[in-house]
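Chain and residue survey
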Amino acid sequence: MSDTLWIKNGRVIDPATKRDKVGDIFIAGGKIAASLTGAQKKSAKIIDAKGLVVCPGLVDIHVHFREPGQTHKENILTGSQAAAAGGFTTVVCMPNTSPVADNAGTIELINNAARKAAVHVYPTGCITVGMKGQQLAPHGSLKKAGVVAITDDGLCVESNQLMRNAVEYAKMFDLPVLDHCQDESLTKGAVMNEGTVSTRLGLKGWPHAAEDIIVARNIILSAYSGAHIHMQHISSAMSVELVRRAKKDGINVTAEATPHHIALTEESLGTYDTNFKMNPPLRTEQDRKAIIAGLRDGALDCIGTDHAPHAPDEKDKEFDYAPNGITGLETALPVCLDVLVKQNKFKLPFVIDLMTRKAANLLKLPAGTLAEGAPADVCIFDPNETWLYDAKKGFSKSLNSPWSGQKLTGRVKTTIVAGKVVFQNGRIT
Amino acid sequence: MPWHRKHFLTIEELSRAEIEQVLATAGAFRRILDRKVKKVPALRGKTIVNLFLEPSTRTRISFEMAAKLLSADTISFDAASSSTTKGETLRDTAQNIQALNADMIVLRHSASGSPLYLSRVLGIPVVNAGDGAHEHPTQALLDVFTMREKLGSLKGRKVVILGDILFSRVARSNIHALTKLGADVTIVGPSTLVPHWFESLGVKVSHNLRSALGDADVVMLLRIQHERQAAGHFPSVGEYTSMFGLNKTRAEWIKPDAIIMHPGPINRGVEIDSDLADSPRSVILQQVTNGIAVRMAVLYLCAGGQPEHVTTPLE
């Protein structure tokens, strides 16, 4: 049941309609309404948004909700609650579950769980059977079952021949192909960026060349086939530049950046803290700046969190043995506000665009705007509220956040999904 | 200055003064090793567990010897006999050892950073006996101890480290120790095993053996491991030996009073010719003996002993 809502006096930012003005947002029947009738206004639930920003619900095209099979780390319900707490109303799940989502049955299972989720949860399917990189998964059946893209995220499709066929085949179904760009032969046993810090720590390095080679490969395959290839979590300066040039040449490639790659560098790894271990790894200050520049000039299209929960006992290990990944949904907005708006002087509507409309458009998701008639997915946040973030008080099942115990600024107050308040004042409703 | 460290994890974190303290303490123990009765009561009643999760003979025996000469009780176990093969985590293994009333753990582990990890988990001191490609602090201290024995002050001395630097914890710990003590360090070997990143640690990187050896006071060789060849880091052991092996001809490029070192185990005929390893310029076995004194010093200090107490009450 959706509510009739009247969000009053907020700074309404909707990049899709170029709106940035203090005003009201009306919601009726699960949709954004131009106005409410007198009777509706009387019965409407009023949300006072004075001093707050009202924007489209955030969209994340890169999360791991671990269901089915790894639900000790997260499940679709807890993941969606973490999303709601972070202001996200639409998320796209990666298919590296257990079993992997390479068939319509598994997608059906995910969709069933998604119906009870706090936010809109869309599945992706695998590019290859079992994510083994040997045989194409049934992209057509996956599409019919409801996937919005295909990817072997976590693993790169190594074979050029198979990747070529995948993008040409998926194009027939208008399915974007998302690739985790990593030349495995260059990264055997690697656990962090290759460079001065890995040299000092004696850890096996992951050279950015391994990402750049696959980004270049994908650009070539996209140019050759016309298929849309999306590069996931770009971490290297050279990859940013490769995508930038490809776009200039009119090649149909897109790319995303994570909050952690714009906020942190390999210097954070000095104490072997496994909450800074992820794949691709944190890189240098030069890479970090290049990714920010890429977001500024459009070389990179959107923010994706790569929310990757792992149970505490899995992360509580020798650095080499801990799994890759950190949570991100509950911290993405404040981290992006800090890095992009505060430190790098991005305009706030532009950052919201990177986290809403642009992300939604990449996968043609019905989300990312407050235009009249659009689904009433709304995020209301206080850009100035500072609080001590404690992962233990969050909604994800896992605690593996590098920001736990730190002060963050920009707190989500209310999240509305399809006209229903799902998160308010720190509580899932 | 009193010794305040409970754990002994890296050379990188030590100040120059702390390195001097350990070396001075080791010096006192080294003199004891020349006595007829070598055993001292310093750690009587303490139990030290050598947790060696990666194979080692020399270092483990050396730590055991050091502990026994300090009158500590020792228990050693290696990966094969430990419950880690049954899937127990390092944290659980170590906490069990602590619960068994061990007073100290000496850890050898293939994962870099694991001693630091353990030091955060345990209440008892942790001594690093080599972690991955990260550090092997007691090896570096026994190396500089031996160099000082032969050369006096290391300030301005030229030290060449030759071999597989990329994967070497011995190289990293020596680089930190030697640069802190004012030596000039040049690392030499094939470019795939001696990457330029090391310049950030304050050393010169060279692939020219002749020019590097010319003014060296110390030539430290590192073991070449066959698995590096399998991973494609160099074409063959034969090629390595022909390009970088220390043989008689190349030994003539070295100053006559320079010393040759090797942390062991040596590959005779690969990184060093047999007759050079056995020559008077080689201090390889003196390194081994000095290793006991250095490890006695480290165990003694981490157990709460103070440097200034070694010379007086023990002698």
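Quick caveat: nothing in here was measured; it's all calculated off a predicted structure.

When helices and strands are tallied, chain A shows 14 helices and 19 strands. Projected onto its principal axes, the C-alpha positions of chain A cover 65 × 45 × 45 Å. When each of the 429 residues of chain A is scored for burial, the buried share is 60%. Across chain A, every contact between residues at least 6 apart in sequence was considered, and the portion connecting residues at least 24 apart equals 76%.

All names here are of chain B. Taken domain by domain, chain B comprises domain 1 (16-136 + 288-314) and domain 2 (137-284). Measuring from the centre of the C-alpha atoms in domain 1 to the corresponding centre in domain 2 gives 26 Å. Counting residues at the interface gives 20 residues for domain 1, matched by 20 residues for domain 2. Counting only elements with at least two residues in the side of domain 1 that touches domain 2, the list comes to helix H1 (16-33), strand E4 (126-131) and helix H12 (284-302). Looking at side-chain class alone, the side of domain 1 that touches domain 2 contains eight nonpolar, seven polar and five charged residues.

Let us now look at the nonpolar core. If you look at soluble globular proteins, the nonpolar side chains tend to sit buried side by side. Core analysis: the largest hydrophobic core is formed by 240 residues, its most contacted members being A:Val243, B:Leu70, B:Ile105, B:Val160, B:Val219 and B:Leu299. Looking at this core, the element that brings in the most residues is H12(B), giving 10 residues. For B:Leu299, the residues in contact, after removing those within four places along its chain, are B:Leu43, B:Ile48, B:Ala66, B:Ala67, B:Leu70, B:Met104 and B:Val127.

In this section: the pairing of strand E17 (residues 406-417) of chain A. All names here are of chain A. As judged from the nine bridges shared by strand E16 (residues 378-389) and E17, these two strands associate in the antiparallel manner. The residue bridging Val 378 from the neighbouring strand is Ile 416, located in E17. Relative to strand E18 (residues 420-424), E17 is paired through four bridges, and the arrangement is antiparallel. Each residue of the ladder has a partner; that of Thr 415, found in E18, is Phe 423. Hairpin connection from E17 to E18: two residues lie between these consecutive antiparallel strands, with Ala 418 at a positive phi of about 50°.

Before going further, it helps to examine the domain arrangement of chain A. All names here are of chain A. Its domain assignment divides chain A into domain 1 (5-54 + 374-428) and domain 2 (57-362). Each of domain 1 and domain 2 has a C-alpha centre, and the two are 26 Å apart. Counting residues at the interface gives 32 residues for domain 1 and 44 residues for domain 2. Residue assignment for the side of domain 1 that touches domain 2 shows that the elements contributing at least two residues are E16, E17 and E18. For the side of domain 1 that touches domain 2, the element with the most residues is E17, which contributes eight residues.

In this section: helix H7 (residues 209-225) of chain A. Residues and elements named next belong to chain A. Helix length check: H7 (17 residues) gives 24 Å between terminal C-alpha atoms against 24 Å at 1.5 Å per residue, within 8%. For H7, the set of buried residues is Ala 210, Glu 211, Asp 212, Ile 213, Ile 214, Val 215, Arg 217, Asn 218, Ile 219, Leu 221 and Ser 222. Looking at the buried positions of H7, the neighbouring elements they touch are helix H5 (160-171), strand E10 (177-179), strand E12 (205-206), strand E13 (229-231), helix H8 (237-248) and strand E14 (253-257). At the exit of H7 stands Gly 226, carrying a positive phi of roughly 80°.

With 20 residues of chain B at the contact, the number on the chain A side is 15 residues. Going through the elements one at a time, helix H3 (90-99), helix H4 (114-121) and helix H6 (169-180) of chain B are the ones with two or more residues in the side of chain B that touches chain A. For the side of chain B that touches chain A, the element with the highest residue contribution is H4(B), accounting for three residues.

Residues and elements named next belong to chain A. On the secondary structure map, Thr 187 appears in the loop between E10 and strand E11 (192-193). Exposure remark for Thr 187: the 21 C-beta atoms within 10 Å place this residue in the buried category. Each C-alpha atom, one on Thr 187 and one on Met 94, is 22 Å from the other, the two residues being 93 residues apart in sequence.

Cut-offs used in this document
- Residues numbered from 1 in each chain as written.
- Chains lettered and ligands numbered in written order.
- Predicted model: local features only at pLDDT ≥ 70, side-chain atom pairs only at ≥ 80, totals over all residues.
- Helix = DSSP H or I, 4+ residues; strand = E, 2+ residues; numbered from the N terminus.
- Buried ≥ 20, exposed ≤ 12 C-beta atoms within 10 Å, placed from the backbone.
- Contact = placed C-beta atoms within 7 Å.
- Domains from an automatic or database assignment.
- Nonpolar A, V, L, I, M, F, W, Y, C, P; charged D, E, K, R; others polar.
- Core = buried A, V, L, I, M, F, W, Y, C linked by C-beta atoms within 7 Å.
- Pairing = 2+ DSSP bridges.
- Expected span 1.5 Å × (residues − 1).

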